[in-house]
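Survey of secondary and tertiary structure
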Amino acid sequence: MDRTSTLALTGSPDEQVWQGVSNLVESYVAPRADDLVFILYTVDARDAAAWIFAELSSRGMRPTLFGMNPIHDATVEQRLRAALPAPSTARRIVLLTVERDSMSHFMEIRRALAPHPPESWSVLRIINASEEFFRHSMSVSPQTLSAINGALLKRMMPSRSLHISSSSGTSLDVEIDSTRYRWLSNRGARRDGAFMILPPGEVSTFPANINGRLVADGAFNVTAFTAADARLGQHPVTLEIEEGRVVDFSCASPEIEGLIRRCMTYQNCDRVGELGFGTNVGTQGFIAMNSHINERHPGVHIGLGQHGQKDSVVQYTAKIHLDLITSDAKIRTDSGEVIDSTDLMSFRDESHPNPIESGINEEDIDGDCCGLIPVEVERAKAEYLRLKNCGERQPSG
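Parameters and conventions
Residues numbered from 1 in each chain as written. Predicted model: local features only at pLDDT ≥ 70, side-chain atom pairs only at ≥ 80, totals over all residues. Heavy atoms only, no water. Pairing = 2+ DSSP bridges. Helix = DSSP H or I, 4+ residues; strand = E, 2+ residues; numbered from the N terminus. Contact = heavy atoms within 4.5 Å. Axes fitted to C-alpha atoms, helices over the stretch in contact; angles between N-to-C directions. Buried < 20%, exposed > 50% of the residue type's maximum accessible area, 1.4 Å probe, protein only. Arc of directions from axis to C-beta. Left-handed = near helix turned anticlockwise from the far one by under 90°. Nonpolar A, V, L, I, M, F, W, Y, C, P; charged D, E, K, R; others polar. pLDDT = per-residue confidence, 0-100.

1. Observations regarding the sheet that holds strand β7 (residues 183-186)
Consider a sheet: its strands pair through backbone hydrogen bonds, and that pairing is either parallel or antiparallel. Ordered by their spatial adjacency, seven strands build an open sheet running β11-β16-β15-β14-β9-β7-β19, and the pairing between neighbours is mixed. The open sheet has two edge strands with one neighbour each: β11 (219-222) and β19 (360-361). Pairing analysis gives four bridges linking strand β9 (residues 202-205) to strand β14 (residues 272-278), with the strands arranged antiparallel. What sits directly across from V203, in β14, is F277. Contacts from helix α8 (residues 254-264) reach β11, β15 (299-305) and β16 (321-325), with the element oriented near 35° to β11.

2. With respect to α8
Of all the residues in α8, the buried ones are I256, L259, I260 and C263. Across the axial projection of α8, the buried residues extend over an arc of 95°, all falling on one side. In α8, those exposed residues whose orientation departs by more than 90 degrees from the buried face are P254 and R262. Considering only its buried residues, α8 is in contact with β11, β12 (237-242), β13 (245-251) and β16.

3. As for the packing of helix α2 (residues 15-29) against helix α3 (residues 46-58)
Running from amino to carboxyl end, α2 crosses α3 at an angle of 65°, the nearest separation of the two axes being 10 Å. Between α2 and α3 lies a crossing of right-handed hand. Where α2 abuts α3, its residues V17, W18, V21, S22, L24 and V25 lie against W51, I52, A54, E55 and L56. Its residues placed into classes, the contact of α2 with α3 shows nine nonpolar, one polar and one charged.

4. Regarding the confidence of the model for the protein chain
Caution is warranted with low-pLDDT regions, since their predicted coordinates should not be read in detail. Confidence in the prediction of the protein chain, expressed as mean pLDDT, is 89, and 88% of residues score 70 or more. Throughout residues 366-385 the model reports pLDDT below 50, and contacts reaching past four residues in sequence, or to other chains, amount to 43 contacts. Within the model, pLDDT remains below 50 along residues 391-397, and this stretch shows zero contacts once partners closer than five positions in the same chain are excluded.

Structural data, given as structure tokens:
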């Protein structure tokens with residue numbers, strides 16, 4: 001099947017993007033010939049869904065396409081139930097959700113799949129579906145990411161302290177408690193009966209304590225709608241952190257400083273809820289989109305606000321999560337070893353610890369909070385579009 005003809009209505013991307021689509025299917029979806037594949041997509045990710053559909057079709061498969069509304073869709077569970085085979089069917093179910101700014105319908109998908117044995121299905125949830133997703137995030141295999149993630153985990157988990165620096169002036173002293181706070185590893189390793197988040201390439205934890213200065217010269221990623229350019233190279237954000245809380249911040253961009261100030265009005269959003277390390281070595285630069293693509297860039301990021309720990313362990317919540325990302329990082333463990341974010345490929349021959357035996361969580365989310373906060377995004381986006389349209393209609397004289 002000629003995949004370009006399938007995309008006559010959506011446009012055909014360049015060869016690098018096509019290679020990313022092919023890598024997604026080959027290495028992450030890894031379909032078998034008799035798999036039943038379902039693609040659920042939102043309208044803003046229609047092109048990406050069409051490219052995936054075309055790639056699967058070119059391999060002789062016939063995926064089922066479902067349009068869905070982001071955040072709220074009263075029909076998606078019913079439609080999915082009707083399309084799924086009987087639970088006794090021997091064929092494996094592979095379900096992809098393809099969205100740009102949201103991650104929706106976790107419970108609806110979970111309920112629709114509930115009658116099926118866990119070994120008979122897997123779900124891949126794509127956020128930030130776009131040309132940039134395929135160009136930046138899909139050029140590295142899950143095997144390479146597993147090796148890199150594993151190398152970082154084996155060095156940092158046993159440590160009681162880390163010192164983190166960067167070329168932009170970051171200097172952070174971090175206390176680590178791996179017996180209390182879980183580590184998360186997003187490496188694109190698909191598992192039966194589980195949800196996998198893409199883009200891949202990150203390890204993270206909750207810092208037992210953190211002090212010092214972060215100079216984020218890479219990008220930001222925030223769980224709220226914003227039209228701001230996410231790149232920070234021309235106007236880095238500087239955070240001063242004491243005992244795990246932000247005590248001061250600055251940015252030369254009034255737009256970005258205003259965004260951070262608004263985030264700080266939410267309760268607990270001055271708390272450092274995440275210490276994260278990007279590991280996707282295919283992400284060579286930062287993009288304008290508010291995205292997880294930037295968060296996976298090799299470097300360090302501090303996540304303010306909501307954490308990724310169990311509520312019984314970290315007993316506060318926040319309505320927003322703001323990641324501030326550096327362009328590079330050096331991590332010195334308490335054994336004296338230094339991990340350089342610009343040299344992660346040197347770990348490509350290492351292995352990933354067994355998640356169950358090591359107490360590592362394989363995925364970074366099991367819900368709908370990895371994209372935009374549902375209520376806030378709808379309200380903010382509607383307000384932004386209303387103001388934008390009003391501004392465009394103002395008389396010139």
